[in-house]
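Inside the fold
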Amino acid sequence: MIKEELKIKLTELFPSATIEDGEWLNMNLAVGDFLSAMEVLRNKPELNFDYLFCETCVDWKTHLTMVYHMDSTQYRHQLVVKVKLDRVKPEIETVSHIWRTAEFHEREVYELFGVNFLNHPDLRLLILPDGWEGKNPLRKDFEDPVNMIKL
Amino acid sequence: MAIKKYMSDKFQSESPLAFPGEVHPSPTGGVLVTRIDDVINWARSNSLWPLVFGTSCCAIEMMSAASAKYDWSRFGFEVARATPRQADVIIIAGTIVNKMAPVLRRLYDQMADPKYVIAMGACATSGGPFFYNTYSVIKGADHVIPVDVYVAGCPPRPEALIHALMTLQQKIKKGLTREQIREEGKQDYQKVV
């Protein structure tokens, strides 16, 4: 599906979402609609987003944004899904039962940003050594007096 | 011209080929007069086997220095060894992070004496240009193991690495301890001043 067709299709399917053009199509979802929308994106035969090739998070200081990049290996179309999260208590449903690869992507986001993934099968640190729970070094306000120079 | 002569003599005396000793010809052949320590250091310096150890982009330059175009075998760094037991010199080619530090320390401890260390590039000498403000990077590999030669650059070119290896050879051939080298440096400085 080309980008324009995909945009029309997505507008029909998710009336509550806002869609922006860019290098890829960007779809902004609310936390509430998020899980059901992701299931539709994966399972609807004409969309068939079967490959989640990137899942990460951005700290905007006022809020966090979860970013999901997905691709259909059948139709070769791509989509970026963005979800705004509360910075104080960031919580979102896991997508690891839809795309297995999300399991460790989410563990990475959990250790670096402290996002809590609900219903994740094995939410623990991925790369950071023991003792880093709750420290979230990729948050903008992270401070480390030993290793970091305060500018 | 005098300077040119001086530099060429200096290079000759410090070149890897210069053998430490004098040959006194005699009717039946010759007598070699030398010191056994000098011969050992000469042999050591011309057969330095580096450890296969690269943690970042500097490793790419190190591989380039090893391959046909630069070919560090010319200087005796013949075979890179994949085990510390058989290596003489460890080239720290890249960033050392907090998780890597104990591994580097263990590799160094496993190497047989005499062993030498080259810190290649900005990350290995000081933590690097990008990593001054991060939680994960060691600010210089000399916090973990002692370093003999530092190379500047990000990453240094293969020529710079080969120069560092030749500097290490000269250092070995002098056969001085770290304290003696430091003292020598002070004296050289006073001569200039």
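None of these values were measured; they are calculated from a predicted model.

Each helix and strand counted, chain A has 3 helices and 7 strands in total. Written out in order from the N terminus, the α and β elements of chain A read α-β-β-α-β-β-β-β-α-β. A compact globule built from 151 residues would reach a C-alpha radius of gyration of about 15 Å, and chain A, at 17 Å, matches this within 12%. The dimensions of chain A, computed from C-alpha atoms along their principal axes, are 55 × 30 × 25 Å.

Summary statistics for chain B give a mean pLDDT of 84 and a share of 91% for residues scoring 70 or more. As a predicted assembly, this complex carries a pTM of 0.78 together with an ipTM value of 0.72.

All names here are of chain A. Overall, mixed pairing links the 5 strands, which are arranged 1-2-5-4-3 in an open sheet. The open sheet is flanked by strand 1 (18–20) and strand 3 (51–59), the only strands paired with a single partner. Recorded for the sheet is a direction-independent mean angle of 20° between the axes of neighbouring strands. With 5 bridges connecting them, strand 2 (residues 25–29) and strand 5 (residues 78–85) associate as parallel partners. Across the sheet, residue leucine 29 finds its bridge partner in strand 5, namely valine 83. On the sheet, helix 1 (residues 3–13) packs against strand 1 and strand 2 and is oriented at approximately 15° with respect to strand 2.

Moving on, we come to the sheet that holds strand 5 (residues 149–151) of chain B. Residues and elements named next belong to chain B. Here we have 3 strands laid out as an open sheet, ordered 3-4-5, and parallel in their pairing. Single-partner strands in this sheet number two, and they are strand 3 (89–93) and strand 5. Adjacent strand axes in the sheet meet at a mean angle of 15°, parallel and antiparallel pairs treated alike. Pairing between strand 3 and strand 4 (residues 116–120): 5 bridges, direction parallel. From the neighbouring strand, alanine 93 faces strand 4, where its bridge partner is methionine 120. Contacts from helix 6 (residues 158–174) reach strand 3, strand 4 and strand 5 within the one sheet, and its direction differs from that of strand 5 by about 165°.

Taken residue by residue, the interface counts 5 residues in chain B and 6 residues in chain A. For the side of chain B that touches chain A, the residue count by class is 2 nonpolar, 2 polar and 1 charged.

Below, the discussion takes up unusual backbone geometry. Peptide bonds are trans in most cases, and residues, glycine excluded, mostly fall at negative phi. Residue and element names in this part refer to chain B. The omega torsion of the bond from aspartate 113 to proline 114 falls at -5°, within 30 degrees of zero and hence cis. Checked against the element boundaries, proline 114 lands in the loop between helix 4 (101–110) and strand 4. The amide bond that connects cysteine 154 to the next residue, proline 155, takes the cis arrangement and shows omega of -15°. Position of proline 155 among the secondary structure elements: in the loop between strand 5 and helix 6. Even without a glycine there, the phi angle at aspartate 71 is positive, about 55°.

Attention now goes to helix 6 of chain B. Residue and element names in this part refer to chain B. Here helix 6 contains 17 residues, and its C-alpha end-to-end distance of 25 Å stays within 8% of the 24 Å for a straight helix at 1.5 Å per residue. Among all positions of helix 6, only Pro158, Leu161, Ala164, Leu165, Leu168, Gln169 and Ile172 are buried. Around the axis of helix 6, the buried residues are gathered within 145° of arc, so they sit on the same side. Buried residues belonging to helix 6 abut helix 2 (36–45), helix 3 (58–66), strand 3, strand 4 and strand 5. The positive-phi residue at the C-terminal boundary of helix 6 is glycine 175, with phi of around 65°.

Attention now moves to the pairing of strand 2 (residues 29–33) of chain B. Residues and elements named next belong to chain B. Counting buried positions along strand 2 yields 0 of 5 residues, so the element is predominantly exposed. Bridge analysis of strand 1 (residues 22–26) against strand 2 gives 5 bridges, and the strand direction is antiparallel. Note that in strand 2 the partner of glutamate 22 across the bridge is valine 33. Between the end of strand 1 and the start of strand 2, which pair antiparallel, lie 2 residues.

This part covers the packing of helix 3 of chain B against helix 6 of chain B. All names here are of chain B. With their axes 9 Å apart at the nearest point, helix 3 and helix 6 run at an angle of 75° to one another. With respect to their mutual orientation, helix 3 and helix 6 come out roughly perpendicular. Here Glu61, Met62, Ser64 and Ala65 of helix 3 come into contact with helix 6, specifically with Pro158, Leu161 and Ile162. In the contact of helix 3 with helix 6, the residues fall into 5 nonpolar, 1 polar and 1 charged.

On to the packing of helix 2 of chain B against helix 6 of chain B, then. When two helices pack together, their arrangement is given by the angle between their axes and by how far apart the axes lie. Residues and elements named next belong to chain B. Contact geometry of helix 2 with helix 6 gives a least axis separation of 8 Å together with a crossing angle of 165°. When the axis of helix 2 is compared with that of helix 6, the two are roughly antiparallel. Along this stretch, helix 2 crosses helix 6, giving a crossing that reads as right-handed. Seen from helix 2, the contacting residues are Asn41, Trp42, Arg44 and Ser45; seen from helix 6, they are Gln169, Ile172 and Lys173. Taken together, the residues of the contact of helix 2 with helix 6 sort by class into 2 nonpolar, 3 polar and 2 charged.

Conventions adopted
- Residues numbered from 1 in each chain as written.
- Chains lettered and ligands numbered in written order.
- Predicted model: local features only at pLDDT ≥ 70, side-chain atom pairs only at ≥ 80, totals over all residues.
- Helix = DSSP H or I, 4+ residues; strand = E, 2+ residues; numbered from the N terminus.
- Rg over C-alpha atoms; globule rule 2.2 N^0.38 Å.
- pLDDT = per-residue confidence, 0-100.
- Pairing = 2+ DSSP bridges.
- Axes fitted to C-alpha atoms, helices over the stretch in contact; angles between N-to-C directions.
- Contact = placed C-beta atoms within 7 Å.
- Nonpolar A, V, L, I, M, F, W, Y, C, P; charged D, E, K, R; others polar.
- Expected span 1.5 Å × (residues − 1).
- Buried ≥ 20, exposed ≤ 12 C-beta atoms within 10 Å, placed from the backbone.
- Arc of directions from axis to C-beta.
- Parallel < 35°, antiparallel > 145°, perpendicular 65-115°, else oblique.
- Left-handed = near helix turned anticlockwise from the far one by under 90°.

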